[in-house]
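Structural characterization, general
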Amino acid sequence: MHFMTRITTLLLLLSGLFPSALEAAWYPKEFSAEVQWTLPTDPRVSAPAEKITGKVYAGNQRMRIEATTQNKTHALIVHEGGKKAWTLNPETKSYHDGVGKVPMLPKPDIDILPSDPDSPCAKKNKVTCNSTGSDTLDGVAVEKWTISIHQNNQKGEILLWIDPKRRLVLKQQPNLGPQHTRILVGEVDHGGRPTEKWTITETFQGQSHTMEQWVDKELRLIVRQSGPVGDFLLVQNIQVAPQPQNLFQIPAEFKQTLPPAPKPLPGGNP
């Protein structure tokens, strides 16, 4: 969630112990689609939001994203569910390791669950996970878990409310840090495809931030995200079909270059 920027020590521990959903699961079917990203602008500068258009091709644990902004197109190739990535510049017929100027799609909307065999809970190393029964959260049947973490002389606890049918964490409440909650609004149509609409809220120190998210039921693909100033992600014209393997290969004539140097932070040393 892009607006969730407050990270506590406990959540940092969790992010290190629990792999991302992208590493644990991939889209259940191959597909292509058109995408539009709307990037936020600096509130101190009066300028229109930047819009980036592109296409995405998702294969078996592989993805290609082509994005065009200011009449320039770059491509991103991802392998092994996100563990490897290369950025391609068709204009110069070059590529470099890593993610460059190409925006990413959100990870598949599938979470690692405490009961999964590849979950840190199964390893019983620095993490203790206890199922505490079942409940109903906003009309959805959920399982409740208590996760206790011990690492580097730090201890933390987080309560989880899990939807096992959708394989989603619907609510997480750490003893330190923000509470995250997602509520199912209902099923809607998105370009002729069944889609679930959710509201996702972060609450911390008396302040709340909410966004809306639409998820394609068949692909577990987030097809729309909207915040206080409107949509910042829109996926359309989804075509479910096997994708050509050459889309996920670097052309032989492309030359490898070094990744661009990171820009220095404002006020830092040159």
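The following refers to the structure shown. What you see is a predicted model, and the numbers here were worked out from it, not measured in a lab. (Residues numbered from 1 in each chain as written. Predicted model: local features only at pLDDT ≥ 70, side-chain atom pairs only at ≥ 80, totals over all residues. Heavy atoms only, no water.)

1. Here's the deal with the overall build of the protein chain
The condition is simple: Helix numbering and strand numbering both begin at the N terminus, where a helix is a DSSP run of H or I of at least 4 residues and a strand a DSSP run of E of at least 2. Burial classes: relative accessible area under 20% of the type maximum marks a residue as buried, over 50% as exposed, and values in between as partly exposed (1.4 Å probe, protein chains only). By the convention used here, residues are in contact when the closest approach between their heavy atoms is within 4.5 Å. Here the accessible surface of atoms and residues is derived via Shrake-Rupley with a 1.4 Å probe, and residues count as covered only by protein chains that are part of the display.
Scanning the protein chain for helices and strands turns up 3 helices and 16 strands. Sorting the 270 residues of the protein chain into buried and exposed places 43% on the buried side. By sequence separation, contacts in the protein chain at least 24 residues apart represent 45% of the contacts at least 6 residues apart. For the protein chain, the exposed area adds up to about 15400 Å²; of that, 50% sits on carbon and sulfur atoms.

2. What to know about the state of the cysteines
Operational definition: We call a pair of cysteine sulfur atoms a disulfide when they lie within 2.5 Å.
A complete count under the given rule lists 1 disulfide for this structure. Here Cys121 connects covalently by a disulfide to Cys129, the sulfurs 1.9 Å from one another. Its S-S torsion of approximately -75 degrees makes the covalent link between Cys121 and Cys129 left-handed. With a relative accessible area of 17%, Cys129 lands in the buried category.

3. As for the pairing of strand 3 (residues 62-69)
On any regular strand, side chains alternate: one points to one face of the sheet, the next to the other face. Formally: Between any two strands, at least two bridges found by DSSP are needed for them to pair.
Bridge count for strand 2 (residues 50-58) against strand 3 is 6 bridges, and the pairing is antiparallel. Bridge pairing links Ala58 to Met63 in strand 3. In textbook terms, the turn of a hairpin is the stretch between consecutive antiparallel strands, and for strand 2 and strand 3 this stretch comprises 3 residues, one of which, Gln61, has a positive phi near 60 degrees. Bridging between strand 3 and strand 4 (residues 72-79) involves 8 bridges; their strand directions are antiparallel. Paired with Arg64 across the two strands is Ile77, which belongs to strand 4. Taken together, strand 3 and the strand that follows it, strand 4, pair antiparallel across an intervening segment of 2 residues, in which Gln70 is found at a positive phi of about 50 degrees.

4. As for the pattern of salt bridges
Close approach of charged atoms lets side chains of opposite charge pair. Rules: We define a salt bridge as a side-chain nitrogen of Lys or Arg found within 4 Å of a carboxyl oxygen belonging to Asp or Glu.
Here the structure, examined in full by the defined rule, presents 14 salt bridges. The salt bridge partner of Arg224 is Asp231, with a shortest N-O separation of 3.1 Å. Taking the relative accessible area as the measure of exposure, Asp231 reaches 28% and is therefore partly exposed. Residues participating in the shared-partner salt-bridge network are Asp109, Asp163, Arg166, Arg182, Glu196 and Arg220.

5. So, the packing of aromatic side chains
Test applied: Classification of ring pairs uses Phe, Tyr and Trp, with its six-membered ring standing for Trp, and accepts pairs whose centres are within 6.5 Å; under 30 degrees between planes counts as stacked, over 60 as edge-to-face, and the remaining range as tilted. Cation placement over rings: the criterion is NZ of Lys or CZ of Arg within 6 Å of the ring centroid and within 35° of the ring normal.
Counted by the stated rule, this structure contains 2 aromatic pairs. With 5.2 Å between their ring centres and 70 degrees between their planes, Trp26 and Tyr27 make a pair best called edge-to-face. On the accessibility criterion, Trp26 (9% relative accessible area) is buried. For Tyr27, a relative accessible area of 6% corresponds to the buried category. On the numbers, 5.3 Å between centres and 85 degrees between planes, the contact of Tyr27 with Phe31 is edge-to-face. Phe31 carries the same exposure label as Tyr27, and that label is buried. What links up through ring pairs into an aromatic cluster is the set Trp26, Tyr27 and Phe31. Seen from the ring of Trp161, Lys171 lies directly overhead, with NZ or CZ sitting 4.5 Å from the centre. Taking NZ or CZ as reference, Arg182 lies 4.3 Å from the ring centre of Trp198, over its face.

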